[in-house]
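# Descriptive analysis of the structure
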Amino acid sequence: MKAPFLALSLTVISLLAGSSANAQTNQTTTAAPQTGDSSITANRALGEVKVIDTAAKQLIIKTDAGSLVTVALSDGTSFMRVAPGEKTLTNATKITFGDVAEGDRVMAMGKVSDDRKLVPARTLIVMTKADLAKKQEADRAEWKRRGILGIITALKPETKEITITSRAMAGPQSITIPVSEKVELRRYAPDSIKFADAQTAKFDELKVGDQLRALGERDTAGTTFTAEKVVTGSFKTVAGVITAVDAATGELKINDMQTKQPLTIVVKHDAVLRKFPAAGEMGGGMMMGRPGGGGAGGQAAAGSGPGAGAAGPGAGGGMRMGGGAMNVQEMLERLPTIALSEVKVGDTIIVSSTKGADPSRLTAISLISGADTLLNMLAARQPQPSGQTAPNPAAGLGTGIQFGIGLP
């Protein structure tokens, strides 16, 4: 029995740790149908605790797909707490029903009912909300400190080398990433929006034009990156003015700024929404890579660390770019998050999504509201066609906006 238990524990830990706390927990979502949910099998259900009924000794959990499952507990139920990052249940701690809290991530082990709505749990394995948040914060800090982001510009299958262009304020830089057998390679599936849901991939699945985020170390010359983990995906970035908002379904309507076609933007609770400050809120202005731009750092340095040129309060209380060393991606990731209720008709937004089956519907991974300021700033840096008196805001979409692949 011990060997099967340990093998099962590896699966349990992997599934439990596969979903982490996200920034947009306050948005309204509807429960998904109770069919085709990979978080529910014949012998277990996995999800976040939403309701605790102490008197009835029951939990209601919500799976990643949105299904609601009632977990019936008894005096014979075994409660185990495991920390994120553990590989087996060897170090699990025995807890009680009273230790389980809303927001915890649990796996209920037991025979699931035929309608997939009830599981009498023999064992309840718990990762607490606090432990998950702490692990996510540590993972994000590591990816910011040791990570790199760029667009795949070339692939060498014979040597398994990836060449990317990583954009800093000083301009694009070409970087080579060797992919050995030790590198963990994952890829976003179509219509997937979560970093944690990226699936194991092979080198031949990669495509020129894909976005790539890697964790590892850059060489001293800054031209080669030795990766431990690589995540890629084919993403679509669009911009437009919101024409309608349906908060109940989490859907927005826009007209694509480039194609002029109508689009529906689906905003699920895992999407990250951010607000770009208006021009009047940026104090002395945001330094968009001008040489020597307002700081001691001088001209922007590609591949600078997160501590250099950080965005922060400007002289007028707004945001500034000190030293010009931060790239556009880093700047966007530091913007404050907002709720869907703060997004209004008339707002200009930029949305990133994976390329899905229906080109007229995009499921948002990241969304930036107030994007007219950002687009105008980026467009102003591009060469203007002869006779054009004002920059075309859509021209800014291709200038360093790479926020499809988020952070853990």
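Because the structure is predicted, anything quoted here is derived from the model rather than measured.

As a further point, take the overall build of the chain. Per the secondary structure count, the chain includes four helices and 24 strands. Taking all 408 residues of the chain together, 47% fall into the buried category. As presented, the chain carries roughly 19,200 Å² of accessible surface, and 53% of it is formed by carbon and sulfur atoms.

Tallied over the entire structure, the rule returns 11 salt bridges. Arginine 187 serves as the salt-bridge partner of aspartate 210, at 2.6 Å between the closest nitrogen and oxygen. Remark: arginine 187 occurs in strand S12 (residues 184-187) and aspartate 210 occurs in the loop between strand S13 (199-200) and strand S14 (211-218); sequence separation between them is 23 residues. Its relative accessible area of 2% is what places aspartate 210 among the buried residues. Here arginine 187 falls in the buried class, since its relative accessible area comes to 10%.

Our focus in this paragraph is the nonpolar core. Judged by nonpolar contacts, the single largest core of 19 residues is most densely connected at Leu59, Ile61, Val71 and Leu124. Elements with a contribution of two residues or more to this core: strand S1 (44-53), strand S2 (58-62), strand S3 (68-72), strand S6 (105-109) and strand S8 (123-127). Apart from residues lying up to four places away in sequence, valine 71 is in contact with Lys57, Gln58, Leu59, Ile61, Ala108, Val119, Ala121 and Leu124.

On to the side chain of aspartate 347, then. Assignment of secondary structure puts aspartate 347 in the loop between helix H3 (328-333) and strand S22 (348-354). Here serine 369 takes part through its side chain, which lies 3.3 Å from a polar atom of the side chain of aspartate 347. Not counting residues within four places of it along the chain, the set of residues in contact with aspartate 347 comprises Gly240, Val241, Ile242, Glu342 and Ser369.

What follows covers the confidence of the model for the chain. Confidence in the prediction of the chain, expressed as mean pLDDT, is 78, and 71% of residues score 70 or more. Low pLDDT, under 50, characterises residues 1-10; the predicted model gives this stretch eight contacts beyond four residues in sequence or across chains. In the predicted structure, residues 284-326 sits below a pLDDT of 50 and forms 86 contacts with residues beyond four places in sequence or in another chain.

Read from one edge to the other, the open sheet built from seven strands follows the order S19-S24-S22-S16-S17-S18-S23, with strand pairing classed as mixed. Single-partner strands in this sheet number two, and they are strand S19 (272-275) and strand S23 (361-363). Going across the sheet, the axis of each strand differs from the next one's by a mean of 35 degrees, ignoring polarity. With six bridges connecting them, strand S16 (residues 235-246) and strand S17 (residues 251-256) associate as antiparallel partners. Paired with glycine 240 across the two strands is aspartate 256, which belongs to S17. In this fold helix H4 (residues 371-379) packs onto S16, S22 and strand S24 (366-369), with an angle of close to 85 degrees to the strand it touches most, S22.

As a further point, take the pairing of S22. In summary, the side chains of a regular strand alternate between the two faces of the sheet. The buried fraction of S22 is high, at seven of seven residues. Burial along S22 is two-sided: the residues Thr348, Ile350, Ser352 and Thr354 and Ile349, Val351 and Ser353 are all buried. With four bridges joining them, S22 and S24 adopt antiparallel strand pairing. Its bridge partner lying in S24, isoleucine 350 is registered against isoleucine 368.

The terminal C-alpha atoms of helix H2 (residues 129-146) lie 26 Å apart, and with 18 residues this matches the ideal 26 Å at 1.5 Å per residue to within 8%. Where the residues of H2 are buried, they touch strand S4 (78-81), S6, S8, strand S9 (147-156), S14 and strand S15 (225-233).

Let us look at the packing of aromatic side chains. Applying the stated rule across the entire model yields three aromatic pairs. Ring geometry for phenylalanine 79 against phenylalanine 97: centres 6.1 Å apart, planes inclined by 25 degrees, an arrangement best described as stacked. Of this pair, phenylalanine 79 sits in strand S4 while phenylalanine 97 sits in the loop between strand S5 (93-95) and S6, and the two are 18 residues apart along the sequence. Here phenylalanine 79 and phenylalanine 97 have matching classes, each one buried. On the numbers, 5.2 Å between centres and 80 degrees between planes, the contact of tryptophan 143 with phenylalanine 195 is edge-to-face. On the criterion of sequence distance, the pair formed by tryptophan 143 in helix H2 and phenylalanine 195 in the loop between S12 and S13 is long-range, its members being 52 residues apart. When its relative accessible area of 8% is taken as the criterion, phenylalanine 195 is described as buried.

About the thresholds
Every chain is numbered independently, its residues counted from 1 as its sequence is written. Given that this is a predicted model, residues contribute local features only at a pLDDT of at least 70 and side-chain atom pairs are listed and counted only at 80 or more, while totals for whole chains, interfaces and linings are drawn from all residues. Note that water and hydrogens are dropped before the side-chain values are worked out from all heavy atoms of the structure. Each helix is a run of H or I in the DSSP string that is no shorter than four residues. Each strand is a run of E no shorter than two, and both are numbered from the N terminus. Relative accessible area decides the class of each residue, using a 1.4 Å probe on protein chains only: under 20% of the type maximum gives buried, over 50% gives exposed, and in between gives partly exposed. The method behind every accessible area is Shrake-Rupley, applied with a 1.4 Å probe, and residues are considered shielded solely by the protein chains displayed. One side-chain nitrogen of Lys or Arg within 4 Å of one carboxyl oxygen of Asp or Glu is enough to make a salt bridge. Put simply, a nonpolar core is a bunch of buried Ala, Val, Leu, Ile, Met, Phe, Trp, Tyr and Cys residues held in one set by side-chain atoms that sit within 4.5 Å of each other. We call two residues in contact when some of their heavy atoms are within 4.5 Å. Any N or O atom pair separated by 3.5 Å or less is treated as a polar contact, with the protein-specific requirement of one donor-capable and one acceptor-capable atom, and with residues adjacent in sequence counted only for side-chain atom pairs. The pLDDT value expresses, per residue, how confident the predictor is, ranging between 0 and 100. The pairing criterion is simple: DSSP has to find at least two bridges between the two strands. Angular values range over 0 to 180 degrees, each being the angle between N-to-C directions of two axes fitted as lines to C-alpha atoms, with helices fitted over their stretch in contact. Helix span, as expected, comes to 1.5 Å for every residue beyond the first. Ring geometry is summarised as follows: Phe, Tyr and Trp rings, the Trp one being its six-membered ring, pair when their centres sit within 6.5 Å, and such pairs are stacked at plane angles under 30 degrees, edge-to-face over 60 and tilted between the two.

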